[in-house]
Amino acid sequence: DAGITQSPRHKVTETGTPVTLRCHQTENHRYMYWYRQDPGHGLRLIHYSYGVKDTDKGEVSDGYSVSRSKTEDFLLTLESATSSQTSVYFCAITPGLAGGKTDTQYFGPGTRLTVL
Amino acid sequence: GENVGLHLPTLSVQEGDNSIINCAYSNSASDYFIWYKQESGKGPQFIIDIRSNMDKRQGQRVTVLLNKTVKHLSLQIAATQPGDSAVYFCAEIYTGANSKLTFGKGITLSVRP
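Residues numbered from 1 in each chain as written. Chains lettered and ligands numbered in written order. Predicted model: local features only at pLDDT ≥ 70, side-chain atom pairs only at ≥ 80, totals over all residues. Heavy atoms only, no water.

## As for the overall build of chain A
- Broken down by element type, chain A carries 0 helices and 11 strands.
- Starting at the N terminus and ending at the C terminus, chain A contains elements arranged as β-β-β-β-β-β-β-β-β-β-β.
- Computed over the C-alpha atoms, the radius of gyration of chain A is 13 Å, within 12% of the 13 Å expected from 2.2 N^0.38 for a compact globule of 116 residues.
- In terms of overall dimensions, chain A has C-alpha extents of about 40 × 30 × 25 Å along its principal axes.
- The buried share of chain A, reckoned over its 116 residues, is 48%.
- For chain A, the computed accessible surface area is about 5000 Å², with 49% contributed by carbon and sulfur atoms. (Helix = DSSP H or I, 4+ residues; strand = E, 2+ residues; numbered from the N terminus. Rg over C-alpha atoms; globule rule 2.2 N^0.38 Å. Buried < 20%, exposed > 50% of the residue type's maximum accessible area, 1.4 Å probe, protein only. Areas by Shrake-Rupley, 256 points an atom, 1.4 Å probe, with all protein chains shown as cover.)

Structure follows, in structure tokens:
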């Protein structure tokens, strides 16, 4: 899993509660990404980061926010979870400092989130 | 995730046979392509990539073919093994201005013993 850890690996929560998912890497990669994966869909980009405090939106960013206060951690927050956010969430990195968002991405093990 | 294979087409092959998994991409300007493998309950795993200036690239037991004329990518797996059972999907990448990476939905490969 490219040296990426995600926590928690599984979470069940209720509609309206805030949820934060964590992605951690130890190899000083510059680019980090959050995707969601749903049956019948390809991976869809939520947000990505190209450095500490540098983030940008992906194609399905509504209802999500991110933060990257240090290189190794990229946090995804659902401010008020909804049932439509039930999904499997994957963190990914592009290796190295020079790689950009169109270079090869490597994925973490995923977090399964259920919003009741 | 565990349900990633739902709603996906399935390719069933006999163990030991060769598998061919196909992907149609959408952007004729895409210039970089990747194949990923995703086993149940795990994250996608990089298998092999190919640039648009190539037609074929070989790895260990896998070969990727690119036909730019018809915007088609294929992954060939030689001597398919039970451990090859997974969802396979391609990614097409345009690296020019307004760069874009798009993942395909994938195909489930099921290997019969």
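## Some remarks on the sheet that holds strand E7 (residues 72-77) of chain B
Residues and elements named next belong to chain B.
- The antiparallel open sheet is built from 4 strands, whose spatial order is E2-E7-E6-E5. Of all the strands in the sheet, the pair left with one neighbour each is strand E2 (19-24) and strand E5 (56-58). Geometrically, the sheet is characterised by an average inter-axis angle of 15° between neighbouring strands, direction not taken into account.
- Relative to E7, strand E6 (residues 62-67) runs antiparallel, the two being bridged by 6 bridges. Bridged to Leu65 within E7 is Ser74. (Pairing = 2+ DSSP bridges. Axes fitted to C-alpha atoms, helices over the stretch in contact; angles between N-to-C directions.)

## With respect to the interface of chain A and chain B
- Counting residues at the interface gives 21 residues for chain A and 26 residues for chain B.
- Of the roughly 1700 Å² buried between chain A and chain B, counting both surfaces, carbon and sulfur atoms make up 56%.
- Area buried by chain A at its contact with chain B is led by Pro39, Thr102 and Thr104 of chain A, which between them contribute 28% of it.
- Our count for the contact surface shared by chain A and chain B stands at 3 residue pairs in polar contact (both at pLDDT 80 or more).
- Of all the secondary structure elements, the ones that give two or more residues to the side of chain A that touches chain B are strand E4 (31-37), strand E9 (87-94) and strand E10 (106-107) of chain A. (Contact = heavy atoms within 4.5 Å. Buried area = accessible area lost by both parts, 1.4 Å probe. Polar contact = N/O pair within 3.5 Å; in protein donor to acceptor, adjacent residues only side chain to side chain.)

## Side note on the pattern of salt bridges
Residues and elements named next belong to chain B.
- Counted by the stated rule, this structure contains 7 salt bridges over all chains.
- Here Asp55 makes a salt bridge to Lys68, at a shortest N to O gap of 3.4 Å. In this pair, Asp55 sits in the loop between strand E4 (45-51) and E5 while Lys68 sits in the loop between E6 and E7, placing the two residues 13 residues apart along the sequence.
- Take Asp55: its relative accessible area is 52%, and that puts it in the exposed class.
- You can call Lys68 partly exposed: its relative accessible area is 38%.
- Arg61 is the salt-bridge partner of Asp84, the closest N and O atoms lying 2.9 Å from each other. With Asp84 in the loop between E7 and strand E8 (86-94) and Arg61 in the loop between E5 and E6, this residue pair connects regions lying 23 residues apart in the sequence.
- Given the relative accessible area of 6%, Asp84 is considered buried. (Salt bridge = Lys/Arg side-chain N within 4 Å of Asp/Glu carboxyl O.)

## Quick look at the packing of aromatic side chains
- Using the criterion set out here, one finds 16 aromatic pairs over all chains in the structure.
- Ring centres of Tyr33 of chain A and Tyr35 of chain A lie 6.3 Å apart, and the angle between their planes is 35°; on these two criteria the pair is classed as tilted. Each member of the pair, Tyr33 of chain A together with Tyr35 of chain A, is buried.
- Judged by centre distance (5.6 Å) and plane angle (50°), the rings of Tyr35 of chain A and Phe107 of chain A are tilted. Of the two residues, Tyr35 of chain A is situated in strand E4 and Phe107 of chain A in strand E10; the sequence distance between them amounts to 72 residues.
- The exposure class assigned to Phe107 of chain A is buried, which follows from its relative accessible area of 2%.
- Chaining the aromatic ring pairs together yields one cluster made of Tyr31, Tyr33, Tyr35, Tyr48, Tyr50 and Phe107 of chain A together with Tyr36, Phe89 and Phe103 of chain B. (Phe/Tyr/Trp six-rings, centres within 6.5 Å; stacked < 30°, edge-to-face > 60°.)

## Points about the sheet that holds strand E7 (residues 64-70) of chain A
All names here are of chain A.
- Here 4 strands make up an open sheet; going across it, the order is E1-E3-E8-E7 and the pairing antiparallel. Among the strands making up the open sheet, the edge pair consists of strand E1 (4-7) and E7. If you compare each strand with its neighbour and ignore which way they point, the axes differ by 20° on average.
- Summarising the sheet, E7 and strand E8 (residues 73-78) pair through 5 bridges and their orientation is antiparallel. Considered in E8, the bridge of Ser67 is made with Leu75.

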